[in-house]
Amino acid sequence: MAVTTSDEDNAPTQDRVIARLLIDDIVAWRIPPGSWLREREIAARFGVSHAPVREAFRHVASIGLIKVVPWRGAFAIDVDDHGADEIYELWKALFGVVCRLACTAMSDRDGRELMHRLVEYKDVTERTTNSAEHLRVSNRIGRFIAKRSNAPLALELLDRLALLARWQHNVYTDEFVAAHGEGEVGRRSAVLYEQLCRHIVAREPDDADRVARDLIATSQQNFAEALAEYKARRGKPKTGRRRARS
């Protein structure tokens, strides 16, 4: 006999809900890097026992956003050069593979949709210098490519990397953007994205792989400069405000 499930059965469990909210707070830096998360305080915040909080910590730790310390709680990870490089190097390699697979897996209809999304991205880079907005639209195109590459595992890993990229993107300050001209970086990325999309539509896997890596490398170089400035400012009494989100 078939087993039916109700909406209540499909509802997320307490630990999953808490984990999702903690992830949102950490990615947005409402919980700043290096901050401690105490089980007792989180349990009181959500009105639950310690058990679902411990499970929530495990979920968030599996993504890499916190480190769990037995008997003490957990703390949000901090931004550092090695961790940032690891994220970007994995992102470059995985995105290159995904774009290579997309060259053979995408249909002609998918290709037309991809070029339509490219127009939206180019418009955003011309309309605003808000790098957070650029990243949001760029990740949306990347996710579309990954979904159409028929590689579900790669899509899952890319989603995790995109989450970490959004988290570390908070090192960008208004002062850095004003001094370094984020608009130029966005326009340069738009040029590379157009080349990438055309290689995918033309089913040229080697070229698509190469340009996909170049695209992420452009963001990596700019981020390295922002991270260096963030670290230099961190020891000073007044730090630059983070970029406002749209």
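Residues numbered from 1 in each chain as written. Predicted model: local features only at pLDDT ≥ 70, side-chain atom pairs only at ≥ 80, totals over all residues. Heavy atoms only, no water.

Looking up the protein chain in an unreviewed UniProt entry gives the name Transcriptional regulator, GntR family, with the organism given as Sphingopyxis granuli.

(A) Molecular detail of the nonpolar core. Judged by nonpolar contacts, the single largest core of 72 residues is most densely connected at L65, F95, I145, Y193, L196 and I200. If one sorts the elements of this core by residue count, helix α5 (residues 81-105) sits on top with ten residues. If sequence neighbours within four positions are ignored, L65 has contacts with I23, I26, V27, V60, F75, A76, I77, L163, L164 and W167. (Core = buried A, V, L, I, M, F, W, Y, C linked by side-chain atoms within 4.5 Å. Buried < 20%, exposed > 50% of the residue type's maximum accessible area, 1.4 Å probe, protein only. Helix = DSSP H or I, 4+ residues; strand = E, 2+ residues; numbered from the N terminus. Contact = heavy atoms within 4.5 Å.)

(B) Spatial organisation of helix α4 (residues 50-63). The end-to-end C-alpha distance of α4, which contains 14 residues, comes to 21 Å, matching closely the 20 Å that a straight helix rising 1.5 Å per residue would cover. Among all positions in α4, only P52, V53, A56, F57, H59, V60 and I63 are buried. The arc that holds every buried residue of α4, seen down its axis, measures 160°, which confines them to one face. (Expected span 1.5 Å × (residues − 1). Arc of directions from axis to C-beta.)

(C) Expanded view of the side chain of D209. By the element assignment, D209 lies in helix α11 (residues 205-234). Side-chain polar atoms of D209 contact the side chain of R100, separated by 3.2 Å. Polar contacts involving the side chain of D209 include one to the side chain of R213, which spans 2.6 Å. Discounting chain neighbours no more than four positions away, the residues touching D209 are G96 and R100. (Polar contact = N/O pair within 3.5 Å; in protein donor to acceptor, adjacent residues only side chain to side chain.)

(D) Seen up close, the packing of aromatic side chains. Summed over the entire model, instances satisfying the criterion amount to six aromatic pairs. On the numbers, 5.2 Å between centres and 70° between planes, the contact of Y121 with Y193 is edge-to-face. Placement of Y121 in helix α6 (residues 108-127) and of Y193 in helix α10 (residues 182-201) is noted, with a sequence separation of 72 residues between them. The same class applies to Y121 and to Y193, which are both buried. (Phe/Tyr/Trp six-rings, centres within 6.5 Å; stacked < 30°, edge-to-face > 60°.)

(E) Geometry of the pairing of strand β2 (residues 66-69). Of the pairings in the sheet, the one linking β2 to strand β3 (residues 73-76) comprises four bridges and is antiparallel in character. Bridge pairing links K67 to F75 in β3. Linking two consecutive strands that pair antiparallel, namely β2 and β3, is a turn of three residues; a positive phi of about 70° is found at W71 within it. (Pairing = 2+ DSSP bridges.)

(F) Seen up close, the state of the cysteines. Throughout the structure, instances matching the rule amount to zero disulfides. The thiol sulfur of C99 is not disulfide-bonded, and the nearest other cysteine sulfur, from C103, lies at 7.4 Å. Judged by its relative accessible area of 0%, C99 is buried. C197 takes part in no disulfide bond, and the closest cysteine sulfur to it belongs to C99, at a distance of 8.1 Å. The exposure class assigned to C197 is buried, which follows from its relative accessible area of 0%. (Disulfide = S-S within 2.5 Å.)

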